[in-house]
Amino acid sequence: MNKKKTILVTGATGAQGGSVAWVLLGQDKFKVRVLTRDTSSPKAIELERAGAELVYGDLNKPDTLVNAMQDCYGVYGVTNYWEHYDKEFQQGRNLVNAVKKTDIKHFVLHTLPSYSILSEGKYPTPHCDIKAQLQLYTISQSIPATFLQVAFYYENFLNYFPLIRHDDGSYHFGFPQGDTRLAMVSVEDVGGMVAAIFDHPKEYTGRVVGAVGADETCETYAAILSNVLGKAVCYDYIPREQYAGFGFPGAEELANMFEVQRLHIKGRQLDLIESYALNPAMQSFVGWVSKHKYQFLAAMNNGEQVLI
Ligand code: NAP
């Protein structure tokens, strides 16, 4: 009988790694080991109950990573800029070094393009630039790897970018994205793509893949939100300088991110096509908003902001 290979999933108690871990557990082709700083957290316990093996590990502590990877065939790696900021770079290096040391056969790492390079140094965007450096570092170590560049989550409409109610009863969201297409994806769908990539190591080793479920303009997303929610939802173009001045943590960085996308990333249609080929269950934006319609509406009825 064939012994199942083990895949270590980092970030499995979070959105992206969670999507990967749950899909792999559901498919039951690989054993799933979960790396977490807290093996007693409710999310970790839930994964354990579904069949995952929990292992303590911290991206700041290289030995814990090497230990967690013992006897693993594959690793899914995701680092979290928004919790650790510039420390993400060293944490990512620790992860890559452990992968190298334990001779992992297939490493799938979440990365992003360097927005600094795309804008010729004009708009540094560390959460993207660091991940691009980690991609280069992984390549420099000759690790058999696939890089997954995940687009802006649909879920941001539920978590971080509230629809604002105006006096006339309409709802608004705004970015410095202009009328350039904004690639997005449901983070729930990342897992299906990663599972397909682990199923095809020969085809996907050395590849950079984009995870994209929709690639439309913000005007189109506003029209979809209006149609599905039955309320007027408008997109406002907010210029980079204005957005950067909003003062919330990360405002300037996000302003730069949208500005680079507006100026330098005109569309991601090929990534969209490949994403649906890898994961036929990818959700369109209209499908995803429809699924979450009552969550949107409940929040809209509760006050000024839609914290979805
Ligand atoms: P998340 O839901 O906040 O989850 C973060 C995960 O990281 C948790 O599972 C946590 O595990 C783990 N983690 C954090 N620090 C760790 C450490 N020191 N050692 C080990 N594990 C650690 O975040 P996410 O959305 O899945 O992923 C965040 C990343 O996605 C960011 O870097 C961001 O740039 C990128 N991203 C975001 C978007 C977007 O639109 N939001 C789009 C593309 C890419 P424990 O707490 O259990 O240890």
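Everything numeric here is computed off the predicted structure, so don't read it as measured data.

What counts, and where the lines are drawn
- Residues numbered from 1 in each chain as written.
- Predicted model: local features only at pLDDT ≥ 70, side-chain atom pairs only at ≥ 80, totals over all residues.
- Heavy atoms only, no water.
- Near = heavy atom within 4 Å.
- Polar contact = N/O pair within 3.5 Å; in protein donor to acceptor, adjacent residues only side chain to side chain.
- Helix = DSSP H or I, 4+ residues; strand = E, 2+ residues; numbered from the N terminus.
- Nonpolar A, V, L, I, M, F, W, Y, C, P; charged D, E, K, R; others polar.
- Pairing = 2+ DSSP bridges.
- Axes fitted to C-alpha atoms, helices over the stretch in contact; angles between N-to-C directions.
- Contact = heavy atoms within 4.5 Å.
- Phe/Tyr/Trp six-rings, centres within 6.5 Å; stacked < 30°, edge-to-face > 60°.
- Buried < 20%, exposed > 50% of the residue type's maximum accessible area, 1.4 Å probe, protein only.
- Core = buried A, V, L, I, M, F, W, Y, C linked by side-chain atoms within 4.5 Å.
- Salt bridge = Lys/Arg side-chain N within 4 Å of Asp/Glu carboxyl O.
- pLDDT = per-residue confidence, 0-100.

Novice: Please clarify how the site of the ligand should be interpreted in this entry.
Specialist: Residues in close proximity to the ligand total 30 residues, the closest being Thr13, Thr36, Arg37, Thr79 and His84. In the model, an oxygen atom of the ligand is placed 2.8 Å from a nitrogen or oxygen of the Ala15 main chain. Between the ligand and the protein, one listed contact pairs an oxygen atom with a side-chain N or O atom of Tyr153 at 2.8 Å. Every element with two or more residues in the shell around the ligand is listed here: helix H1 (15-27), strand S2 (31-36), helix H4 (81-84), helix H5 (87-101), helix H7 (126-140) and strand S7 (152-153). A per-element tally of the shell around the ligand places H4 first, with four residues. When grouped by side-chain class, the residues that make up the shell around the ligand number 11 nonpolar, 14 polar and five charged.

Novice: Is there a simple way to explain the sheet that holds strand S12 (residues 214-216) in this structure?
Specialist: Backbone hydrogen bonds are what pair the strands of a sheet, in a parallel or an antiparallel way. Strands sit in the order S7-S10-S12 across an open sheet of three strands; the sheet is mixed. The strands lining the two open edges of the sheet, one partner per strand, are S7 and S12. Two strands pair when backbone bridges link them, and S7 and strand S10 (residues 182-185) are joined in this way by two bridges, in the parallel orientation. Within the sheet, the bridge partner assigned to Phe152 lies in S10 and is Met184.

Novice: Got a minute to help me understand the sheet that holds strand S11 (residues 208-211) in this structure?
Specialist: Read from one edge of the open sheet, seven strands run S3-S2-S1-S4-S5-S6-S11, paired in parallel fashion. Single-partner strands in this sheet number two, and they are strand S3 (53-56) and S11. Here the average twist between neighbouring strands, direction ignored, is 20°. Relative to S2, strand S1 (residues 6-10) runs parallel, the two being bridged by five bridges. Bridging from a neighbouring strand, Thr6 pairs with Lys31 of S2. In this fold H7 packs onto strand S5 (106-111), strand S6 (145-150) and S11, with an angle of close to 160° to the strand it touches most, S5.

Novice: When you look at the packing of aromatic side chains in this model, what are you seeing that I'm missing?
Specialist: By convention here, two paired aromatic rings are described through the distance between centres and the angle between planes. One pass over the full model with this rule turns up 23 aromatic pairs. Plain terms: the ring middles of Phe161 and Phe175 are 5.2 Å apart, the flat faces sit at 90° to each other, and that makes the pair edge-to-face. Of this pair, Phe161 sits in the loop between helix H8 (156-159) and strand S8 (163-165) while Phe175 sits in strand S9 (residues 171-175); the two residues are 14 residues apart in sequence, bridging distant segments of the chain. Accessibility classification places Phe161 together with Phe175 in one group, the buried group.

Novice: What is the right way to look at unusual backbone geometry in this model?
Specialist: Most peptide bonds are trans, and most residues other than glycine sit at a negative phi. With phi around 60°, Asp28 is a residue other than glycine that occupies positive phi space. Inspection of the secondary structure puts Asp28 in the loop between H1 and S2.

Novice: How should I be thinking about the environment of Thr102 in this particular structure?
Specialist: Relative to the assigned elements, Thr102 resides in the loop between H5 and S5. Look past the residues within four positions of Thr102 in its chain and what remains in contact with it is Val66, Met69 and Gln70. Of note is the side chain of Thr102, whose polar atom sits 2.7 Å from the backbone oxygen of Ala98.

Novice: When you look at the nonpolar core in this model, what are you seeing that I'm missing?
Specialist: It is characteristic of soluble globular proteins that their nonpolar side chains tend to be buried jointly. Of all hydrophobic cores here, the largest spans 40 residues; its most connected members are Phe173, Phe175, Leu225, Phe285 and Phe296. In terms of residue count, helix H11 (residues 218-229) provides more of this core than any other element does, seven residues in total. In this structure, Ile7, Leu47, Val78 and Phe198 belong to the second largest nonpolar core, which totals 38 residues.

Novice: What's the story with the pattern of salt bridges in this structure? I'm lost.
Specialist: Oppositely charged side chains can form a pair if their charged atoms are brought close together. Counted by the stated rule, this structure contains 11 salt bridges. A salt bridge links Lys291 to Glu188; its shortest N-O distance comes to 2.9 Å. On the criterion of sequence distance, the pair formed by Lys291 in helix H15 (residues 285-291) and Glu188 in the loop between S10 and helix H9 (190-199) is long-range, its members being 103 residues apart. Among the residues examined, Glu188 registers a relative accessible area of 36% and is labelled partly exposed. Of the charged contacts in the structure, one is a salt bridge between Arg207 and Glu274, with a shortest N-O distance of 2.9 Å. You can see Arg207 sitting in the loop between helix H10 (201-204) and S11 and its partner Glu274 sitting in helix H14 (residues 269-278), a full 67 residues away along the chain. Since its relative accessible area comes to 17%, Glu274 is described here as buried.

Novice: Mind showing me how you'd approach the side chain of Ser19 here?
Specialist: With respect to the secondary-structure elements, Ser19 resides in helix H1. Residue Ser19 is classed as buried on the basis of its relative accessible area of 8%. The residues touching Ser19, leaving out its near neighbours within four places in the chain, are Gly14, Val187, Glu188, Asp189, Val190 and Gly191.

Novice: Help me out: how do you make sense of the confidence of the model for the chain in this one?
Specialist: When pLDDT drops low, the exact placement of atoms in the prediction is not to be read closely. When pLDDT is averaged along the chain, the result is 96; 97% of the residues meet or exceed 70. In the model, residues 304-308 has pLDDT below 50 throughout and makes 22 contacts with residues more than four positions away in sequence or in other chains.

Novice: So what exactly am I meant to see when it comes to the environment of Tyr85 here?
Specialist: In this fold, Tyr85 is placed in the loop between H4 and H5. Note on Tyr85: relative accessible area 39%, which makes it partly exposed. Between the alpha carbons of Tyr85 and Gly250 there is a distance of 9.9 Å; along the sequence they are 165 residues apart.

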